[in-house]
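Secondary and tertiary structure notes
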Amino acid sequence: MNHSGGQKHWRSLEQLADTAEFRQFLHREFPQGASEMDNSWSRRNFLALMGASLALAGLTGCRRPEEKIVPYVQAPEEVIPGIAQRYATSMPFGAGAYGLVVESHEGRPTKIEGNPLHPSSRGASNAFMQAAILDLYDPDRSRHVLHKGHQKSWDDFVTFWREQRSSHVDDRGASLAVLCEPFSSPTMARLKREFLNTFPNSLWAAYAPVTDESIFDGTKLATGELLSPVYHFDQADIIVSLDADFLLTESDNVANARAFANGRRIDLQRVDMNRLYVAESGYTVTGAMADHQLRVQSSRIIAVAIALASELAAQGLQLDYMRGIPQPDLSADQLSWVKAIARDLMQARSRAVIVAGRRQPAVLHALVMAMNAALGNIGRAVSYVSPKDLAPSNTADLARLSAAIKSGRISTLIVLGGHPVYSSPVDLNLPESLKQVETVVHCGTHVDETAQQASWHLPETHFLESWGDARAADGTASVVQPLIEPLYGGRTAAEMLQFIVTGNEVRGYEIVRDTWKALLAGADFEKRWRAVLHDGLLENSAAPSATITIRHQEIHDLLSQQPSEFKDAGISNLEVNFAVSPSMFDGRFANNGWLQELPDPVTKLTWDNATLMSPKTANELGVGNGDVVSLTYRGRALEIPVWIVPGQADYSVSLELGYGRSFAGQVGNGVGFNAYALRTSDAPYFDSGLAISRTGRTYELATTQEHGSMEGRPLIREGTLDEYRKNPRFAQEMVEHPPLVSLWKDRAYNEGYQWGMAIDLNACIGCGACTIACQSENNIPIVGKTQVRKGREMHWIRVDRYFEGDVDNPRMAHQPVPCQHCENAPCEQVCPVAATVHDKEGLNTMVYNRCIGTRYCSNNCPYKVRRFNFFNYTKDYHETIAMAQNPDVTVRSRGVMEKCTYCVQRINEARRTAKREDRQITDGELLTACQQACPAQAITFGNIIAPDSQVAKAKADSRNYHLLGELNVRPRTSYLARLRNPNSELSEA
């Protein structure tokens, strides 16, 4: 069998070097230790971990949530037991919101999907949205009002505050301050105004460690107004990303991924696709999708941007503010990159867009905005809106608050949400400052690091228990409505703020209605209000695009202040980057077991962070994977293990935020290393001056990058757009094999429904939303770091990450791999008890009650997609597990093999609905969990023998190929080969 024409892809440096350790791992049918039943991991530790992964055991002190259970005497007419209901709501996230549709079973939410009507989701989601359901049922959530660590009642706090409030009214709030999370909420904005009217001399600060603060500051520098960009990537032929991971960790990433993927969809009728250039210091999901990625230290991104602007001006673009600005010193490779991009931008003009990431300083955002305006793309590929009801994060306000506390001015501080003691800049020393405040009132979901230093701690509700509202990135107003009564009797931030201002207790529902009476001013308020609750948003409430006037002189003055020479970091003066975690974000998801176990899309690490560095940097430091090093920066030190990542800029190391929590909960405590220990207010995202020294110790990291390796076969197939134009069937011709003849008589699958799936690798961004969606839908447990290291992770769909090319500057690609549902399934032929069988609709199914755990099926599966329960994850489930589990899916126990089922429960639901309505299942009516969640719409599912179905059309595409199809297993899942659209000028160079 000849594998011809395929690129050499590799998963790790160990595989590329063909080390003895890699060969030993590869040639075992199961990863090291997977077949051994020794449980060195103590039962106590295991149960503690599973507590917040929905396998909550009867630990000391853990009790069922206190709630009143009222049986139906007369069941509500709209509630039919066993039939799920769906409600629209929103998930506030920073200065934006995601629109959701939440599935509920008899009053308990179990599954989150994107709201098709909402501009931030369009029916899709990301991993954070999918995993939010787990946070709702987190047993470590705060349950009681605490006063100096002692349990009190809400009434006790009411009495206390009403006494305190009068003194603050008397001094007009001179000794009162509020520290809240950023928001974009009509209700919270109204209450903030009322607070400042009542206490005009008070201080108000909004802070979160990861925000769009520099973007807002940049637009204000460029135009004099605080504006927010809204990108329309489907309208751009050329996209230039300057340190912007707009597909995953930047704001509005779900909508961005959908629009970007739409610009890369291709078939024989549409043979053009967008081109993406990315400049970044370390690989991101966006960089993995790039047609050209430039490794460059973060501090030199501004130099690249200035050089690009200078080159655009030289090529005739009207950029008056570049006159007299010296050209920065760039390498020959960087200059050729800039010149080629400038030519592409000049050719595309209004169908081009430049994007800068939130990590970059305000001056870069101002320059990018000015370049976009000169290209003429504002109003097309990007628009700017004036955000309403916004309280943006402002580090300067936090610094002023810290100074006021240290001066003794503040006697009462109200903290509404967030975790500022853990995540605030280390140079502000907020933990020590809070000790000087007489009364700190903290309202939060957990008794976290901030609650530990509070005088009063009050439980906060989860958004699925709350009434509220929020605005999306484009200004669309949406409502937050609860699907369940508060499990632990908490209050919303709005309820807290209303009480702080007035001293009166008002229900969240009434507070929100009061706001919306003004938003829906006019006749028929109740009718319009009900429509908002039904849709989850107010139709046509997006903010209008702002008219942009660039202040050229101000930008010229800003650029004139930039250094003419940008000094590269070196081995004795390393650059440190503080990166947003694709799993923990800023640390808010630290106690979420699903996200802790989700492999990082680039490093494939789980349950940890590390200091990421390039092979060259690691070689010069004399360190390897797992070696613990000491990072020294501005007189502070942090010990953390090393992880080597191809594609990382030399002498630039990255630290993911959000780990190293002390009071996150049973799952998050002590996981990873706290990068905030080095982060300062004047250099929140990157800086030079880092020193690294070896400690001589090692640390075990858990990674899945070698799991499921399949001996160098061309699993992921990719080519260039030009290759596709010359030979549209290139992917199918990469493997030559003799005619495929079965040993057994072929079965005809040509009647009824025949289910199949196609995954477009040209659209897939590798974000992992499909993995978490599958986990939530199918009651999949987590297993913990120790078991992941043994290859025992339970995910039914994994996302493989591949490198290709030079080890220092490789290309990256992702490939989701679920069960392939082979028609000639190798697993079925070896099962001694027929536990895995085929049905008439082409599904490879599992009969759990038959499975005796021989694992022959996994041994014989060429795709390594079958998962075995080595431990009984369900035996000690607490009663409250039923509140979060999908009742339509079996809960498995120890000794059972499980895998992707194509969401057979959803197939059955669609079949029942169609039967009741005396019709066939229509195309697009049935969505698998992974398909529905995918922000890039990379997954298509349906009836493959229906010629007009989308999946049948995908399988007829010339790029369609079967993974290991040469084995004649006839998989029902196929792939559309990935295409890149390189600039021939750069490719030749």
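The structure presented is a predicted model; accordingly, all values stated were derived computationally and were not measured. (Residues numbered from 1 in each chain as written. Predicted model: local features only at pLDDT ≥ 70, side-chain atom pairs only at ≥ 80, totals over all residues. Heavy atoms only, no water.)

1. Structural notes on the overall build of the chain
Counting its secondary structure elements, the chain contains 30 helices and 43 strands. Within the chain, buried positions represent 63% of all 989 residues. Of the contacts made within the chain by residues no fewer than 6 positions apart, 75% connect residues no fewer than 24 positions apart. Within the structure as shown, the chain displays about 36,900 Å² of accessible surface, and the carbon and sulfur contribution to it stands at 48%. (Helix = DSSP H or I, 4+ residues; strand = E, 2+ residues; numbered from the N terminus. Buried < 20%, exposed > 50% of the residue type's maximum accessible area, 1.4 Å probe, protein only. Contact = heavy atoms within 4.5 Å. Areas by Shrake-Rupley, 256 points an atom, 1.4 Å probe, with all protein chains shown as cover.)

2. Describing the side chain of S433
Within the secondary structure layout, S433 lies in helix α15 (residues 430-434). A residue is classified by how much of its surface remains accessible, and S433, at 1% relative accessible area, is buried. Discounting chain neighbours no more than four positions away, the residues touching S433 are S402, I405, K406 and L428.

3. Let's talk about the pairing of strand β21 (residues 468-471)
A two-sided burial pattern is seen for β21, the buried positions comprising G468 and A470 on one face and D469 and R471 on the other. In terms of strand pairing, β21 meets strand β22 (residues 477-480) through 4 bridges, oriented antiparallel. Opposite G468, over in β22, you have V480 as the bridge partner. With antiparallel pairing between neighbouring strands as the criterion, β21 and β22 make up a hairpin whose turn holds 5 residues, including G475 at a positive phi of roughly 95°. (Pairing = 2+ DSSP bridges.)

4. Some thoughts on the sheet that holds strand β12 (residues 238-242)
Here 4 strands make up an open sheet; going across it, the order is β14-β13-β12-β15 and the pairing parallel. With partners counted over all chains shown, the strands left at the sheet margins are β14 (292-295) and β15 (352-356), one partner each. Averaged over all pairs of adjacent strands, the angle between their axes in this sheet comes to 10°, without regard to strand direction. Here 5 bridges tie β12 to strand β13 (residues 275-280), and the two strands are oriented parallel to one another. If you follow V240 over to β13, its bridge partner there is Y277. (Axes fitted to C-alpha atoms, helices over the stretch in contact; angles between N-to-C directions.)

5. Describing the confidence of the model for the chain
When pLDDT is averaged across the chain, the result is 88; 90% of the residues are at 70 or more. Taken together, the stretch residues 1-5 has pLDDT below 50 and engages in 17 contacts with residues farther than four places along the chain or on a different chain. Counting interchain partners and residues more than four positions distant, the pLDDT-below-50 stretch residues 29-69 has 98 contacts. (pLDDT = per-residue confidence, 0-100.)

6. Thoughts on the sheet that holds strand β40 (residues 939-943)
Within the open sheet, the 4 strands sit side by side as β40-β33-β42-β41. Their pairing is mixed. Single-partner strands in this sheet number two, and they are β40 and β41 (960-961). Relative to strand β42 (residues 973-976), β41 is paired through 2 bridges, and the arrangement is antiparallel. Within β42, the residue paired with N960 across the bridge is L976.

7. Things to note about the packing of helix α6 (residues 186-198) against helix α16 (residues 493-502)
Close contact between α6 and α16 brings their axes to 10 Å; oriented N to C, the two are set at 20°. Overall, the two elements α6 and α16 adopt an arrangement that is roughly parallel. For the pair α6 and α16, the crossing hand works out as left-handed. Of the residues in α16, those in contact with T187, M188, L191, K192, E194, F195 and T198 of α6 are A493, A494, L497, Q498, I500 and V501. Looking at the contact of α6 with α16 residue by residue, the classes come out as 8 nonpolar, 3 polar and 2 charged. (Parallel < 35°, antiparallel > 145°, perpendicular 65-115°, else oblique. Left-handed = near helix turned anticlockwise from the far one by under 90°. Nonpolar A, V, L, I, M, F, W, Y, C, P; charged D, E, K, R; others polar.)

8. Some thoughts on the environment of D839
Position of D839 among the secondary structure elements: in the loop between β36 (836-838) and β37 (844-846). Relative accessible area serves as the criterion here: at 24%, D839 is assigned to the partly exposed category. With 16 residues separating them along the chain, D839 and E823 place their C-alpha atoms 9.7 Å apart. Setting aside anything within four residues of it in sequence, one finds D839 in contact with R747, Y749 and T845.

9. What about the pairing of β40?
Taken across its 5 residues, β40 has 5 buried, putting it largely inside the fold. Sheet topology note: the strand β33 (residues 755-760)/β40 ladder contains 5 bridges and is antiparallel. Pairing of A758 across the sheet is with T940, part of β40.

10. With respect to the nonpolar core
Membership of the largest hydrophobic core comes to 135 residues, with the highest contact counts inside it found for M91, L595, I692 and W755. Among the elements that make up this core, the one with the highest residue count is helix α4 (residues 127-136) (8 residues). Excluding residues that lie within four positions of it along the chain, L595 makes contacts with A127, F128, A131, S583, M584, F589 and I772. Of all hydrophobic cores here, the second largest spans 75 residues; its members include V285, A290, L375 and C767. (Core = buried A, V, L, I, M, F, W, Y, C linked by side-chain atoms within 4.5 Å.)

11. What about the pattern of salt bridges?
Two side chains that carry opposite charge are able to pair once their charged atoms sit near each other. For the structure on display, the rule yields 41 salt bridges. The salt bridge partner of E432 is K435, with a shortest N-O separation of 2.9 Å. Take K435: its relative accessible area is 59%, and that puts it in the exposed class. Notably, a salt bridge pairs R959 with D957, separated by 3.8 Å at the nearest N-O pair. The pair formed by R959 and D957 is uniform in burial state, with each residue classed as buried. Each of the salt bridges in this network shares a partner with another, and the network as a whole consists of K111, E113, E777 and R906. (Salt bridge = Lys/Arg side-chain N within 4 Å of Asp/Glu carboxyl O.)

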